[in-house]
Amino acid sequence: MDLPHHGYRETKPRARAAPTAGDSVLFEDTSSAAPAMNSQGYYTSGYNMGGPSNDMQGGGGMNNLFADPMANAAMMYGSSLANQGKDMVNKEISRFMSVNKLKYFFAVDTRYVLKKLMILMFPYTHQDWEVRYHRDTPLTPRQDVNASDLYIPTMAFITYILLAGMALGIQKRFSPEVLGLCASTALVWVIIEVLVMLLSLYLLTVHTDLSTFDLIAYSGYKYVGMIFTVLCGLLFGSDGYFVALAWSSFALMFFIVRSLKMKILPSLSSDSMGMGSNAKPQLRLYITVASALFQPIIIYWLTSHLVR
Amino acid sequence: MALKRNNMAFTLYSLIQTAILCTNAIAVLHEERFLSKIGWGVDQGVGGFGDDPGIKAQILNLIRSVRTVMRVPLIIVNSACIVLLLLFG
């Protein structure tokens, strides 16, 4: 405790050496006395609450010791209550969605995020779109750049909301309700798209390993394109907006078609049940292409009002 | 919330309303009066026992399961909606 004080005192001018030396004696007294009392009070009262040895520790610490048993009891009760509440919340949430599966989607690192963003904006040079497995479980996004994650969509969604607020503020049309409205509109569109995809996958009995979270992730990747489009629209005006819209639409369409083709359409290596009906692969192709075509429409729908 | 935007402004409340209306619409389809008449009854769904049922079988399955599962919750939700709309307009 003494060393930092000495260091500070040396940098001060010499004229003030004497009073600071005098103050330091006072500071040292109280600072060295009080924490010692406090720490002793806490430690001993933690072990034996209200024992007779506590009273002999010193008269100055009586306030600490009186408050301590009650505070300790309250703290322990509160922490046990919090633990119970946490367990109950965990149990309820794990009935609806498995938290482990959710943790898989958030296991990302910087390298993955950068590569994925680059693939989203420029997917034409990416060669290998196959999702790698490791003994029947898909690899985490940290190890496989083709795996879908939920970190990028969540961050992109929040950034899009903030950017929408900023764009509306630039046009002097901002108010807090508009921000909430924009957020809920975008969220509703994501929910609608995920539900339509789930419905179409169920109706056509497409046996994929696309879970609901995967579909949410693929729906959320369009927000990266939206952010890029809105930024270009703000910086470069209406022409920049349409150029960026075209660019991010094509990139997103390519990305979605290549990614979903691996998962929905039957690949040559899987055991397809003979070439049953010709309608199946076509319908699956329709689903993939339709969901890809939906992206630029929704990008335009959700961003055109931000850029006039 | 009436706001001058050039696209529809959805709120989560409108999503809930849409969901309730769609589920009600599916639940209202009567089995023997309507669905059997147009060839969508439960006995007409299970056609081929191949590996994958067709689209029609899936749709019929979906309708039947929605009607079975959501009957009681829909009663509760509809009653709550009626009461709330009467009270608060």
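Cut-offs used in this document
- Residues numbered from 1 in each chain as written.
- Chains lettered and ligands numbered in written order.
- Predicted model: local features only at pLDDT ≥ 70, side-chain atom pairs only at ≥ 80, totals over all residues.
- Heavy atoms only, no water.
- UniProt positions renumbered as here; feature names shortened; annotations may be inferred.
- Helix = DSSP H or I, 4+ residues; strand = E, 2+ residues; numbered from the N terminus.
- Buried < 20%, exposed > 50% of the residue type's maximum accessible area, 1.4 Å probe, protein only.
- Contact = heavy atoms within 4.5 Å.
- Areas by Shrake-Rupley, 256 points an atom, 1.4 Å probe, with all protein chains shown as cover.
- Expected span 1.5 Å × (residues − 1).
- Axes fitted to C-alpha atoms, helices over the stretch in contact; angles between N-to-C directions.
- Parallel < 35°, antiparallel > 145°, perpendicular 65-115°, else oblique.
- Left-handed = near helix turned anticlockwise from the far one by under 90°.
- Nonpolar A, V, L, I, M, F, W, Y, C, P; charged D, E, K, R; others polar.
- Salt bridge = Lys/Arg side-chain N within 4 Å of Asp/Glu carboxyl O.

The name given to chain B in an unreviewed UniProt entry is Immediate early response 3-interacting protein 1, with Maylandia zebra as the source organism. For chain B, the Sequence similarities (unreviewed entry) comment in UniProt is given as "Belongs to the YOS1 family." In its Subcellular location (unreviewed entry) section, UniProt records this for chain B: "Membrane".

The name given to chain A in an unreviewed UniProt entry is Protein YIF1, with the source organism recorded as Pundamilia nyererei. As stated in UniProt under Function (unreviewed entry), the record for chain A gives "Has a role in transport between endoplasmic reticulum and Golgi."

A. Highlighting the overall build of chain B. Looking only at helices and strands, chain B has four helices and zero strands in total. Along the chain direction, N to C, the helices and strands of chain B fall in the order α-α-α-α. Looking at chain B as a whole, 22% of its 89 residues are labelled buried. By sequence separation, contacts in chain B at least 24 residues apart represent 51% of the contacts at least 6 residues apart. Of the roughly 6,500 Å² of accessible surface on chain B, a fraction of 70% belongs to carbon and sulfur atoms.

B. Broad picture of helix 8 (residues 176-203) of chain A. With 28 residues, helix 8 of chain A extends 41 Å between its outermost C-alpha atoms, agreeing within 8% with the 40 Å of an ideal straight helix rising 1.5 Å per residue. Positive phi appears at Thr205(A), one or two residues downstream of helix 8 of chain A, with a value of about 45°.

C. Up close: the packing of helix 8 of chain A against helix 9 (residues 212-220) of chain A. Residue and element names in this part refer to chain A. At their nearest, the axes of helix 8 and helix 9 sit 10 Å apart, and the two run at 130° to each other. Of the possible angle classes, the one that applies to helix 8 and helix 9 is oblique. The hand of the helix 8/helix 9 crossing is right-handed. Facing Val190, Glu193, Val194, Met197, Leu198 and Leu201 of helix 8, the residues of helix 9 in contact are Thr212, Leu215, Ile216 and Ser219. Among the residues forming the contact of helix 8 with helix 9, the class breakdown is seven nonpolar, two polar and one charged.

D. Representation of the pattern of salt bridges in the model. Residue and element names in this part refer to chain A. Within this structure, the stated rule accounts for one salt bridge over all chains. The shortest N-O distance in the salt bridge between Lys222 and Glu193 comes to 2.6 Å. Of this pair, Lys222 sits in helix 10 (residues 222-263) while Glu193 sits in helix 8; the two residues are 29 residues apart in sequence, bridging distant segments of the chain. A relative accessible area of 2% means that Lys222 is categorised as buried. Judged by relative accessible area, Glu193 falls into the buried class, the value being 7%.

E. Main features of helix 7 (residues 151-170) of chain A. All names here are of chain A. With 20 residues, helix 7 extends 28 Å between its outermost C-alpha atoms, agreeing within 8% with the 28 Å of an ideal straight helix rising 1.5 Å per residue. Within helix 7 the residues assigned to the buried category are Ile152, Pro153, Ala156, Phe157, Tyr160, Ile161, Leu163, Ala164, Gly165, Ala167 and Leu168. Where helix 7 ends, the next residue or the one after it, Lys172, has phi of about 60°, a positive value.

F. Seen up close, unusual backbone geometry. Residues and elements named next belong to chain A. Residue Lys172 is not a glycine yet carries a positive backbone phi of 60°. With respect to the secondary-structure elements, Lys172 resides in the loop between helix 7 and helix 8. When its relative accessible area of 74% is taken as the criterion, Lys172 is described as exposed.

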